[in-house]
Protein chains: 2
Amino acid sequence: MNPLDNIRVVLVGTLYTGNVGSACRAMANMGIRNLVLAAPNLQNSWDEGERLAVHATDIMHNRKEFATFEEAVADCVAVVGTTAREGLYRQHVKAPRDCAADLLALAQSGPVALVFGREDKGLLNEEIAQCTHLIRIPVDEGYTSINLSQAVLITCYEFFTASGRYQPPREKAPPAPQAQKMQLMKNWSAMLQEIGFMKSEQEDHFMQGFHRVFSRGVFTRDDAALLLGVARQAIWATKNASEIQKN
Amino acid sequence: MNPLDNIRVVLVGTLYTGNVGSACRAMANMGIRNLVLAAPNLQNSWDEGERLAVHATDIMHNRKEFATFEEAVADCVAVVGTTAREGLYRQHVKAPRDCAADLLALAQSGPVALVFGREDKGLLNEEIAQCTHLIRIPVDEGYTSINLSQAVLITCYEFFTASGRYQPPREKAPPAPQAQKMQLMKNWSAMLQEIGFMKSEQEDHFMQGFHRVFSRGVFTRDDAALLLGVARQAIWATKNASEIQKN
């Protein structure tokens, strides 16, 4: 099974539908689709929520609602509270990146709740006390108050990346083998002498410079082929300069 | 120097001030404070931007604006484009986590631009072609369209965490040493026999179970002290049952 299907986002006492909508879009981006509102305290209409959810309105429409936090997490094997504050009950708080893998392993056995508090007051002490795990999102100490949907995004992002379901993009062209690189150096050396950029006694010095430039990052077969083409054409153009002038 | 001071968020052709405001708050959360708008195409008033920036309006007010993308990044030592799409010029795209450390090292030498395109069309091919690096935020293939300020948040978050400026919270109480754990097992064994939970011949079996339970995660001196207190009190209560009954 996909453990992300057992991750449940629980919003407690949320005030604004816009944050619910933005949270839905963030969840969809990160492959997490179970939304629960616990004791919602919504102050505006769902219009704004619908607008900000964009193409993730299905998550919003499929949400469950419970009158209390206890009911929203009763069947969960882990209840992970998010907190920006220090203090009571908050000593064993971790960064999401440091516990996402362990919690995903738990999610193989049952629902894991990621719990987010009110926009203004976060989670109350009695709610924190019911959490089995606590996380705090790394933020600059100059501005620690993070928007609700932004907190949902970063937390879900860490679970999504920990799930290994995303394959990072990879360079499609294979790296150039040494023989191709040496051919490139040889042809460039010939070209640079042909166009009068360097004399043969300067070859070692200059070619070491070019070799260094071309070796700083991944250097693919395509890159080498491109630069080999330059050398070929520059030699041709120099030898046929009079031809080119005529045209 | 703090390399985050050399990170510049460049928003190209942005349509909505709300996204600028939310991006400012996200930047402030992640300790990044330089905002540039390149060829902005704003369709609404700054009221929404001001509202969503919350306490990060200073970043919005201190922004610079340029008529073209070229001018916005002319002094940068790296120009990092963000793209959600595959295709032309996009073969060497990386996940932000995989390049943030290298780019922060570059930021020690000069400004590094993190470039975000339009809400509807992203970056154009001619803008992508001007980027020295490309990143793509890991998202679920079922919903790859990420909100502009959410993209700014995750990118800045990866640079902030890579900067090492955030110290993850650590358990304050030190882990319990083996001697304290063994004392705990001994006192609990005495208590469990005293209250009639187990007979002495069952000791090995049950105590192995308790030892297992208490060893699954970090187990601190405070945890051990708490459970030693339980044993002490349970023994006292059993021996003084008649006293307690009388009160």
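Conventions we followed
- Residues numbered from 1 in each chain as written.
- Chains lettered and ligands numbered in written order.
- Predicted model: local features only at pLDDT ≥ 70, side-chain atom pairs only at ≥ 80, totals over all residues.
- Heavy atoms only, no water.
- Helix = DSSP H or I, 4+ residues; strand = E, 2+ residues; numbered from the N terminus.
- Rg over C-alpha atoms; globule rule 2.2 N^0.38 Å.
- Buried < 20%, exposed > 50% of the residue type's maximum accessible area, 1.4 Å probe, protein only.
- Contact = heavy atoms within 4.5 Å.
- Areas by Shrake-Rupley, 256 points an atom, 1.4 Å probe, with all protein chains shown as cover.
- Lys, Arg positive; Asp, Glu negative; His and termini not counted.
- Charge placed at Lys NZ, Arg CZ, Asp CG, Glu CD.
- Polar contact = N/O pair within 3.5 Å; in protein donor to acceptor, adjacent residues only side chain to side chain.
- Pairing = 2+ DSSP bridges.
- Buried area = accessible area lost by both parts, 1.4 Å probe.
- Salt bridge = Lys/Arg side-chain N within 4 Å of Asp/Glu carboxyl O.
- Nonpolar A, V, L, I, M, F, W, Y, C, P; charged D, E, K, R; others polar.
- Axes fitted to C-alpha atoms, helices over the stretch in contact; angles between N-to-C directions.
- Parallel < 35°, antiparallel > 145°, perpendicular 65-115°, else oblique.
- Left-handed = near helix turned anticlockwise from the far one by under 90°.
- Least-squares fit on C-alpha atoms with pLDDT ≥ 70 in both.
- Expected span 1.5 Å × (residues − 1).
- Arc of directions from axis to C-beta.
- Phe/Tyr/Trp six-rings, centres within 6.5 Å; stacked < 30°, edge-to-face > 60°.
- Lys NZ or Arg CZ within 6 Å of the ring centre and 35° of its normal.
- pLDDT = per-residue confidence, 0-100.

## Quick word on the overall build of chain A
1) Next: Counting secondary structure elements, chain A contains eleven helices and six strands.
2) Next: Taken against the 2.2 N^0.38 rule, which gives 18 Å for 247 residues, the C-alpha radius of gyration of chain A at 29 Å runs more than 25% over that of a compact globule.
3) Next: For chain A, the spread of C-alpha atoms along the three principal axes comes to 85 × 40 × 40 Å.
4) Next: A burial count over chain A gives 48% of its 247 residues as buried.
5) Next: A separation of at least 24 residues holds for 83% of the contacts in chain A among residues at least 6 apart in sequence.
6) Next: For chain A, the accessible surface area stands at approximately 12,500 Å², while carbon and sulfur atoms represent 50% of it.
7) Next: In chain A, 25 side chains carry a positive charge and 27 a negative one; their mean positions are 8 Å apart.

## Some remarks on helix 2 (residues 46–53) of chain B
1) Next: Where helix 2 of chain B begins, the capping side chain belongs to Ser45 of chain B, and its oxygen is found 3.2 Å from the backbone nitrogen of Asp47 of chain B.
2) Next: Phi turns positive one or two residues past the end of helix 2 of chain B, at Val54 of chain B, with a value near 50 degrees.

## Some details on the pairing of strand 4 (residues 78–82) of chain B
Residues and elements named next belong to chain B.
1) Next: Summarising burial for strand 4: five of the five residues are buried, a large majority.
2) Next: The side-chain alternation of strand 4 yields two buried faces, one formed by Ala78, Val80 and Thr82 and the other by Val79 and Gly81.
3) Next: Of the strand pairs in this sheet, strand 4 and strand 5 (residues 112–116) are connected by four bridges, and their pairing is parallel. In the strand pairing of strand 5, Val80 is matched with Leu114.
4) Next: The pairing of strand 4 with strand 6 (residues 133–135) spans three bridges and is parallel.

## Side note on the interface of chain B and chain A
Accessible area lost when the parts come together is the quantity often used to give the size of an interface.
1) Next: Taken together, the 44 residues of chain B in the interface contact 43 residues of chain A.
2) Next: Taking both sides of the interface into account, the surface hidden between chain B and chain A amounts to around 3,700 Å²; carbon and sulfur atoms contribute 51%.
3) Next: Taking the shortest distance from any N to any O, the salt bridge between Arg97 of chain B and Glu158 of chain A comes out at 3.1 Å.
4) Next: Counting every contact that joins chain B to chain A gives 14 residue pairs in polar contact (both at pLDDT 80 or more).
5) Next: Among the elements that line the side of chain B that touches chain A, the one with the most residues is helix 7 (residues 148–163) of chain B, at eight residues.
6) Next: Considering only residue class, the side of chain B that touches chain A consists of 21 nonpolar, twelve polar and eleven charged.

## As for the sheet that holds strand 2 (residues 34–38) of chain A
Residue and element names in this part refer to chain A.
1) Next: As summarised here, the arrangement of the six strands in space is 3-2-1-5-4-6, forming an open sheet in which the pairing is parallel. The open sheet terminates on both sides in strands that have one partner only, identified here as strand 3 (64–66) and strand 6 (133–135). Strand-to-strand, the axes of this sheet are offset by a mean angle of 25 degrees, without reference to chain direction.
2) Next: Of the strands in this sheet, strand 1 (7–12), strand 4 (78–82), strand 5 (112–116) and strand 6 touch helix 7 (residues 148–162), which is tilted by about 155 degrees from strand 5.

## Comments concerning the sheet that holds strand 2 (residues 34–38) of chain B
Residues and elements named next belong to chain B.
1) Next: Spatial ordering of the open sheet is given by 3-2-1-5-4-6, a layout of six strands whose pairing is parallel. A strand with exactly one partner marks an edge of an open sheet, and here the two such strands are strand 3 (64–66) and strand 6. Each strand axis lies, on average, 25 degrees off the axis of its neighbour in the sheet, ignoring direction.
2) Next: Taken together, the three bridges between strand 2 and strand 3 define a ladder with parallel strand orientation. The partner of Ala38 across the bridge, within strand 3, is Phe66.
3) Next: The strands that helix 7 touches are strand 1 (7–12), strand 4, strand 5 and strand 6; relative to strand 5, the one it contacts most, it runs at about 155 degrees.

## With respect to the packing of helix 5 (residues 96–106) of chain A against helix 7 of chain A
Residues and elements named next belong to chain A.
1) Next: Between helix 5 and helix 7, whose axes approach to 9 Å, the crossing angle comes to 55 degrees. One element, helix 5, and the other, helix 7, form an angle in the oblique class. Considering how the two elements wind past one another, helix 5 and helix 7 form a crossing that is right-handed. Listed contacts from helix 7 to Pro96, Arg97, Ala100, Ala101, Leu103 and Leu104 of helix 5 are Glu158, Phe159 and Ala162.

## What to know about the relation of the copies chain B and chain A
1) Next: When chain B is fitted to chain A, the best match, at an RMSD of 0.1 Å, comes from turning it 180 degrees and sliding it 0.0 Å along the axis. Within this description, the copies of the chain are treated as partners about a two-fold rotation axis.

## Quick word on the pairing of strand 5 of chain B
Residues and elements named next belong to chain B.
1) Next: In terms of burial, strand 5 is largely enclosed, as five of its five residues are buried.
2) Next: Residue alternation in strand 5 divides its side chains into two sets, Val112, Leu114 and Phe116 and Ala113 and Val115, and both sets are buried.
3) Next: Bridge count for strand 1 against strand 5 is five bridges, and the pairing is parallel. Note that in strand 5 the partner of Leu11 across the bridge is Phe116.

## Points about helix 9 (residues 203–214) of chain B
All names here are of chain B.
1) Next: The end-to-end C-alpha distance of helix 9, which contains twelve residues, comes to 16 Å, matching closely the 16 Å that a straight helix rising 1.5 Å per residue would cover.
2) Next: Within helix 9, burial applies to Met207, Gly209, Phe210 and Phe214. Projected onto a plane normal to the axis of helix 9, the buried residues spread over an arc of 150 degrees and lie on a single side. For helix 9, the exposed residues lying more than 90 degrees away from the buried face are Asp204, His205, Gln208 and Arg212.
3) Next: In this structure, the buried residues of helix 9 make contact with helix 8 (178–194) and helix 10 (221–239).

## Observations concerning the packing of aromatic side chains
Residue and element names in this part refer to chain A.
1) Next: Under the criterion given, the structure shown has 15 aromatic pairs over all chains.
2) Next: Taking 5.5 Å as the distance between ring centres and 25 degrees as the angle between the ring planes, the aromatic pair formed by Phe214 and Phe219 counts as stacked.
3) Next: Taking the ring centre of Trp46 as reference, the NZ or CZ of Arg63 above it sits at 4.1 Å.

## Some points on the pattern of salt bridges
Here the idea is simple: oppositely charged side chains can pair when their charged atoms come close.
1) Next: Applying the stated rule across the entire model yields twelve salt bridges over all chains.
2) Next: Of the charged contacts in the structure, one is a salt bridge between Arg8 of chain A and Asp75 of chain A, with a shortest N-O distance of 2.9 Å. With Arg8 of chain A in strand 1 and Asp75 of chain A in the loop between helix 4 (69–73) and strand 4, this residue pair connects regions lying 67 residues apart in the sequence.
3) Next: Taking the relative accessible area as the measure of exposure, Arg8 of chain A reaches 14% and is therefore buried.
4) Next: For Asp75 of chain A, a relative accessible area of 44% puts it in the partly exposed group.
5) Next: With its nearest N and O atoms 2.7 Å apart, the salt bridge here joins Glu127 of chain A to Arg118 of chain A. For the pair Glu127 of chain A and Arg118 of chain A, a shared accessibility class is recorded, and that class is buried.
6) Next: Members of the salt-bridge network, linked through shared partners, are Arg97 and Glu158 of chain A together with Arg97 and Glu158 of chain B.

## As for the confidence of the model for chain A
1) Next: Here chain A averages 91 in pLDDT, while 94% of its residues score no lower than 70.
2) Next: This complex was scored by the predictor with a pTM of 0.85 and an ipTM of 0.82.

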